[in-house]
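Residue-level structure breakdown
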Amino acid sequence: MVGFSSHLSNRSLLKTDLNAANGYTVLLTELKAAAVDVATKQALKEGTRVVYCDNIPTLLHTSPEALSKYLIHLAKELITLSPKSLDDVRNE
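Residues numbered from 1 in each chain as written. Predicted model: local features only at pLDDT ≥ 70, side-chain atom pairs only at ≥ 80, totals over all residues. Heavy atoms only, no water.

Here the focus is the packing of helix 1 (residues 11-20) against helix 2 (residues 33-45). Where helix 1 contacts helix 2, the two axes come as close as 10 Å, and the packing angle between them is 35°. By crossing handedness, the relation of helix 1 to helix 2 is classed as right-handed. Contacts between helix 1 and helix 2 involve Arg11, Leu14, Lys15, Leu18 and Asn19 from the former and Ala33, Ala34, Ala35, Asp37, Val38, Ala39 and Gln42 from the latter. Of the residues belonging to the contact of helix 1 with helix 2, the class tally is seven nonpolar, two polar and three charged. (Axes fitted to C-alpha atoms, helices over the stretch in contact; angles between N-to-C directions. Helix = DSSP H or I, 4+ residues; strand = E, 2+ residues; numbered from the N terminus. Left-handed = near helix turned anticlockwise from the far one by under 90°. Contact = heavy atoms within 4.5 Å. Nonpolar A, V, L, I, M, F, W, Y, C, P; charged D, E, K, R; others polar.)

So, about the nonpolar core. Formed by Leu8, Leu14, Leu18, Ala21, Tyr24, Leu27, Ala34, Ala35, Val38, Ala39, Ala43 and Val50, the largest nonpolar core amounts to 12 residues. Those elements that provide at least two residues to this core are helix 1 and helix 2. Ranked by the residues each element gives to this core, the list is headed by helix 2, at five residues. Not counting chain neighbours up to four residues away, the residues in contact with leucine 8 comprise Leu14, Thr29, Glu30, Lys32, Ala34 and Ala35. (Core = buried A, V, L, I, M, F, W, Y, C linked by side-chain atoms within 4.5 Å. Buried < 20%, exposed > 50% of the residue type's maximum accessible area, 1.4 Å probe, protein only.)

Its location among the elements puts threonine 48 in the loop between helix 2 and strand 2 (49-53). Among all residues touching threonine 48, those that are not within four sequence positions of it are Tyr24, Thr25, Val26, Leu27 and Ala43.

This part takes up the confidence of the model for the protein chain. Here the protein chain averages 83 in pLDDT, and 88% of its residues register 70 or above. The weakest mean pLDDT in the protein chain belongs to helix 4 (residues 86-90) at 59; the strongest belongs to helix 1 at 92. (pLDDT = per-residue confidence, 0-100.)

With that out of the way, let us pick up unusual backbone geometry. A positive phi is found at histidine 61, a non-glycine position, where the angle reads about 65°. Mapped onto the elements, histidine 61 comes out in the loop between strand 2 and helix 3 (64-81). Residue classification places histidine 61 among the exposed residues on the basis of a relative accessible area of 85%.

Moving on, we get to the pattern of salt bridges. Counted by the stated rule, this structure contains one salt bridge. Here arginine 11 makes a salt bridge to aspartate 37, at a shortest N to O gap of 3.0 Å. Taken as a pair, arginine 11 in helix 1 and aspartate 37 in helix 2 lie far apart in primary sequence, 26 residues in all. (Salt bridge = Lys/Arg side-chain N within 4 Å of Asp/Glu carboxyl O.)

Relative to the elements of secondary structure, leucine 18 occurs in helix 1. Residue class for leucine 18 comes out buried when judged on its relative accessible area of 8%. Separated by 13 residues in the primary sequence, leucine 18 and serine 5 have C-alpha atoms spaced 7.6 Å apart. Not counting the four nearest positions on each side in its chain, leucine 18 is found in contact with Tyr24, Leu27, Val38, Ala39 and Gln42.

Here is the structure:
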């Protein structure tokens, strides 16, 4: 892996990320608008293979119940650490 981008919905930032990732031989991308028209076009222009994938999370080494309990615990912990209440954020 020579690079990645979290800008699949922002065409100009995606172009910047693609230009910074030199030497890739395969472009693996999720199907998003900018990925289809920007990334695919650039990869094919450079003779690079394009592989599309789904972004469906898969649990490894845990159960859905354990993950659910952990996420609830984490959310409660973050709420207690937050310096602002939800009402404060809504009123900004």
